[in-house]
Amino acid sequence: MNYQPNEEQTMPAVTVSDITVLPRISPQDPAVVRERPVKSVTSAPSGYEGEGFPVRRAFAGVDLRDLDPFIHMDQMGEVEYAPGEPKGTPWHPHRGFETVTYMLDGIMEHQDSNGGGGVISNGDTQWMTAGSGLLHIETPPEHLVVSGGLFHGIQLWVNLPKALKWAPPRYQDIRGGDSALLSTPDGGALVRVIAGEVDGHAGPGSTHTPITLVHATVSPGAELVLPWQPDYNALVYVLAGQGTVGADRRPVRKGQLAVFGAGDIIRTAASTSQPQAEPNLDVLVIGGRPIRESIAMAGPFVMNTRAEVIQAFEDFQAGKLGTIPAVHGAPTELRSTED
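Residues numbered from 1 in each chain as written. Predicted model: local features only at pLDDT ≥ 70, side-chain atom pairs only at ≥ 80, totals over all residues. Heavy atoms only, no water.

Trainee: Explanation requested: the sheet that holds strand S7 (residues 89-94) in the structure shown.
Mentor: Strands belonging to one sheet form pairs held by backbone hydrogen bonds; the direction of such a pair is parallel or antiparallel. Pairing is antiparallel in the open sheet, where 4 strands are placed in the order S7-S12-S9-S10. Both edges of this open sheet fall to S7 and strand S10 (117-121), since each of them pairs with a single strand only. Adjacent strand axes in the sheet meet at a mean angle of 20°, parallel and antiparallel pairs treated alike. Relative to S10, strand S9 (residues 107-112) runs antiparallel, the two being bridged by 5 bridges. Paired with His110 across the bridge in S10 is Gly118. (Pairing = 2+ DSSP bridges. Helix = DSSP H or I, 4+ residues; strand = E, 2+ residues; numbered from the N terminus. Axes fitted to C-alpha atoms, helices over the stretch in contact; angles between N-to-C directions.)

Trainee: I tried to follow the side chain of Glu98 on my own but got confused; where do I start?
Mentor: Along the chain, the position of Glu98 falls in strand S8 (residues 97-105). In terms of polar contacts, Glu98 uses its side chain to reach the side chain of Trp127, at 3.3 Å. When near neighbours in sequence (up to four residues on either side) are disregarded, Glu98 contacts Trp127, Met128, Thr129, Ala130, Leu156, Trp157, Val158, Leu160, Arg170, His208 and Thr209. (Polar contact = N/O pair within 3.5 Å; in protein donor to acceptor, adjacent residues only side chain to side chain. Contact = heavy atoms within 4.5 Å.)

Trainee: I tried to follow unusual backbone geometry on my own but got confused; where do I start?
Mentor: In this structure, the amide linkage connecting Asp68 to the following residue, Pro69, adopts the cis form with an omega of 20°. Topologically, Pro69 is positioned in the loop between helix H1 (64-67) and strand S6 (70-81). A positive phi angle, near 45°, is found at Asn122, a position not held by glycine. The residue Asn122 is located in the loop between S10 and strand S11 (125-129) in this model. Asn122 sits in the partly exposed class, given a relative accessible area of 40%. The backbone phi angle of Arg292 is positive, close to 60°, even though this residue is not glycine. (Buried < 20%, exposed > 50% of the residue type's maximum accessible area, 1.4 Å probe, protein only.)

Trainee: Where do I start with the confidence of the model for the protein chain in this structure?
Mentor: Parts of the prediction with low pLDDT should not have their coordinates interpreted in detail. Here the protein chain shows a mean pLDDT of 87. Residues at 70 or above account for 88%. Note on residues 1-11: pLDDT under 50 across the span, and 38 contacts to partners over four residues away in sequence or across chains. Note that pLDDT drops below 50 for residues 335-339; the model gives that stretch 7 contacts with residues more than four away or on any other chain. (pLDDT = per-residue confidence, 0-100.)

Trainee: So what exactly am I meant to see when it comes to the environment of Thr125 here?
Mentor: Structurally, Thr125 is set in strand S11. Thr125 sits 29 residues away from Ile154 along the chain, and the two C-alpha atoms are 9.4 Å apart. Ignoring any residue separated from it by four or fewer positions in sequence, one finds Thr125 in contact with Val100, Thr101, Tyr102, Ile120, Gln172, Asp173, Ile174 and Ile194.

Trainee: Explanation requested: the pairing of strand S23 (residues 250-253) in the structure shown.
Mentor: In summary, the side chains of a regular strand alternate between the two faces of the sheet. Sheet topology places strand S22 (residues 242-245) next to S23; 4 bridges connect them, and they run antiparallel. Directly across from Gly243, in S23, lies its bridge partner Val252. Turn length for the S22-S23 hairpin, with the two strands adjacent in sequence and antiparallel, is 4 residues, and the turn residue Gly246 shows positive phi of about 80°.

Trainee: Looking at this structure, I do not really get the sheet that holds strand S20 (residues 223-227). What am I missing?
Mentor: Pairing in this open sheet of 4 strands is antiparallel, and the strands run S20-S25-S22-S23 from one edge to the other. Looking along the sheet, the strands with just one partner apiece sit at the ends: S20 and S23. Across the sheet, the mean angle from the axis of one strand to that of its neighbour is 25°, orientation sign disregarded. As defined by bridge partners, S22 adjoins strand S25 (residues 265-270) across 3 bridges and the pair is classed as antiparallel. What sits directly across from Gly243, in S25, is Ala270.

Trainee: Got a minute to help me understand the pattern of salt bridges in this structure?
Mentor: Two side chains bearing opposite charge may form a pair once their charged atoms approach each other closely. What the rule picks out here adds up to 12 salt bridges. Of the charged contacts, one joins Glu35 and Arg267 as a salt bridge, the two residues approaching to 2.7 Å between their closest N and O atoms. A residue pair is termed long-range when its members are at least 10 positions apart, and Glu35 in the loop between strand S2 (14-16) and strand S3 (38-43) and Arg267 in strand S25 qualify at 232 residues. The salt bridge partner of Lys39 is Asp66, with a shortest N-O separation of 2.7 Å. (Salt bridge = Lys/Arg side-chain N within 4 Å of Asp/Glu carboxyl O.)

Following this line, the structure appears as structure tokens:
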């Protein structure tokens, strides 16, 4: 490999003028660690969410047993809105899991009926534990609606075990600068740890369900080898660019998800040649300890039984999941389904 570290590397929301000063991830000895094999690579179909913003359904077609403890993930955007076009979601309920909203570019406002809320942009994360239930809304700020602009983010749903589905709601506002920044041994990749830990370096996110959440930017021709908790599953989603995954160098590109099997390390490499508009390989690496409990879900509720889902709809319709200020209007009406 003829990779030479750049003097400056960037990824959305983070600029490092000297990557050599960052802590390095320890080299992994292939004679000692087990390489995780690639089980599958799937392509995310496109759709629309909320009031009409475009998304890629990252987990579509993947068995929930391979995703556990994760339920759902959308790549929101990447879209350049004209003035008046930015869209969000209306007020809506959740119960039984956590939503993690990570903004790569753009601005998003959040407010919930438990008193949580804030504004995130350019590398910030909002971590909302719905738990026993609440209402929330996500919208672009008014000035962005007026001006238009770039919008690009991720929303990940993290399941909660039965014992925590009725936990009190909580909200975490994680600033981009609080994440642990690391580099690979040759300086070829910039690694951002948002939650969990990598090689002993912990991210700021506090999780009910043990998980690790990483965003990495890999320069052309460079390789990312991450030590990974053996009892966690392992998923790599390509946010931008193209490259390979696993020891057999299976090709991946933007909008694809790689599911890994058991082992100790995850291997991802960036192609030497990248699309002109995407100079680096950007990946989201996630994994967690599987909960291995029954799942019943419909709409915005993720529970263990169908009866609990029906109860969630009834509680929402009875106003038991919280109230919102009258100035914001009524929450979206929901219809109970068996899907």
